[in-house]
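Spelled out from the first residue to the last, the chains are:
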Amino acid sequence: MRILLWHVHGAWTNAFVRGGHEYVLPLVPDRGPDGLGRADTYDWPASAREVPWDRLRDEPLDVVVYQRPRDLELAREWLGRDLPGVYVEHNTPAGDVPRTRHLLAGRADVTLVHVTHFNELYWDNGRAPTRVVEHGVPDPGHLYTGELPRAGVVVNEPVRRTRVAGTDLLPRFHAAVPLDVFGMKVAGLPYGTYEDLPQHLMHPELARRRVYLHPYRWTSLGLALIEAMTLGMPVVALAATEAIEAVPPEAGVISTKVDVLVEALREFAADPERAAQAGKAARAAALARYGLDRFLADWDRLLDEVV
C-alpha cells in the first residue's frame, strides 16, 4: 500500500515505517509541523519518502493515517479527494477526563486507533469504531552494561510538561541516585543532560546507566520506557496509566508511593547483579509484548480491513 502519514511522533513512526509498504511523508518548505518530512535522528528505510505538500495530489495513495485534528484538514486541502483513513490517538485525554469526548466520537467513517487499552478505556469514543494496536519497537539489542551507578530518564520538554512528565519529582529521586536526563529541551536542568541525541547514540549511552526511571504521571505509554526495557535496563516507574501493564514485577518496581520508588532506585544503583537480572526480565517482557513483528502484523490486518 501507499500510505500518507505525517511525521508527528518520531518514535512511533520509526516502528511504523518498517513495514512492507510505501510511506509518504509531507514536506513543507520550512520543515514545520505541517510537513517535517523524514526524521534526522532516526535511520528510516528508503520506503519512507518525503513528498512536497503541493505534489500530493499527484501521488497514487491508498490510505491516510491521521494523528492530529490538523491532519484531517490538511488531507482535505492537499489531496482534493477522499481516501480511506484511520486516526491514531497517541495521547491520554486531558482536562475533565471522565467527560473527555474524542473529536471523532460523532463519526463512524474513520477507525479510531488507540495505542494502549488505557487510552481506549479513558477516552469517550462515542460511536467511532475503535481498535487498539499496542506499541512496537525495533529491537536495539541487549546493550545494557549498567556500569554507571546512575539513573537514566528520557523525557521531551520536561520544563513545559512538569507535572505530566513528573519533572517536579526528579529532585527527590536525584537526592538518592544521580540522574541523567535525555531528550528534547533538557538543557539547563540541574542534572546530567543529553540534548536530543540521535537514537543510535542515545541507546548505548542510556544503557550505561544502572537503572531506568519513568516518572510520568499522565502519558499513554512512553515508548522510551519500552525501549529502555529492550536495552535490558531495570525499570522504576510510577504505577500510572498503561505502565502497570507494561512492567511485570520481575522487571523492576512500579508504585504510586514515591518513597517506595526512591528506595527501589537506591537499591538497584547499589546492586549491579540484581539490576542486571531485572533488566533481563524487562527485555524479555518488552520483546514478548511490544515486538516489531507483532506491531506490523497488527497494522497490516487493520489496513487491509480499512482499504
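See the structure shown above.
Predicted model, so just to flag it, every value in this text is computed and none were measured. (Residues numbered from 1 in each chain as written. Predicted model: local features only at pLDDT ≥ 70, side-chain atom pairs only at ≥ 80, totals over all residues. Heavy atoms only, no water.)

Undergrad: Hey, could you run me through the packing of helix α6 (residues 199-206) against helix α7 (residues 223-231) in this one?
TA: What describes two packed helices is the angle between their axes and the distance between those same axes. Remark: α6 packs on α7, axes separated minimally by 10 Å, with the N-to-C direction vectors making an angle of 60 degrees. It follows that α6 is oblique to α7 by the angle criterion. Our pair here, α6 against α7, has a crossing hand that is right-handed. Mapping the contact onto sequence places Gln-199, Met-202, His-203 and Leu-206 in α6 and Glu-227, Ala-228 and Leu-231 in α7. Here the residues of the contact of α6 with α7 are counted per class, giving 4 nonpolar, 2 polar and 1 charged. (Axes fitted to C-alpha atoms, helices over the stretch in contact; angles between N-to-C directions. Helix = DSSP H or I, 4+ residues; strand = E, 2+ residues; numbered from the N terminus. Parallel < 35°, antiparallel > 145°, perpendicular 65-115°, else oblique. Left-handed = near helix turned anticlockwise from the far one by under 90°. Contact = heavy atoms within 4.5 Å. Nonpolar A, V, L, I, M, F, W, Y, C, P; charged D, E, K, R; others polar.)

Undergrad: Can you walk me through the packing of aromatic side chains in this structure?
TA: Two numbers describe a pair of aromatic rings. These are the distance of the centres and the angle of the planes. Within this structure, the stated rule accounts for 12 aromatic pairs. Consider the rings of Phe-118 and Tyr-122, whose centres lie 4.1 Å apart with planes at 15 degrees: the pair is stacked. Taken together, the residues span about one helical turn, with Phe-118 and Tyr-122 both in helix α3 (residues 117-122) at a distance of 4 residues. Owing to a relative accessible area of 12%, Phe-118 belongs among the buried residues under this scheme. (Phe/Tyr/Trp six-rings, centres within 6.5 Å; stacked < 30°, edge-to-face > 60°. Buried < 20%, exposed > 50% of the residue type's maximum accessible area, 1.4 Å probe, protein only.)

Undergrad: Would you mind going over the sheet that holds strand β7 (residues 130-132) with me for this structure?
TA: Within a sheet, adjacent strands bond to each other through the backbone by hydrogen bonds, running parallel or antiparallel. Pairing within the open sheet is parallel, and its 7 strands lie in the order β3-β2-β1-β4-β5-β6-β7. If you trace the sheet from one side to the other, it starts and ends with β3 (48-52) and β7, each paired once. Strand-to-strand, the axes of this sheet are offset by a mean angle of 30 degrees, without reference to chain direction. For strand β1 (residues 2-5) and strand β2 (residues 22-27), the ladder comprises 3 bridges, and the chain directions are parallel. Among the inter-strand pairings, Arg-2 is bridged to a residue of β2, identified as Glu-22. Running over the sheet, helix α2 (residues 69-79) touches β1, β2, β4 (63-66) and β5 (85-89) and is turned about 150 degrees from β4. (Pairing = 2+ DSSP bridges.)

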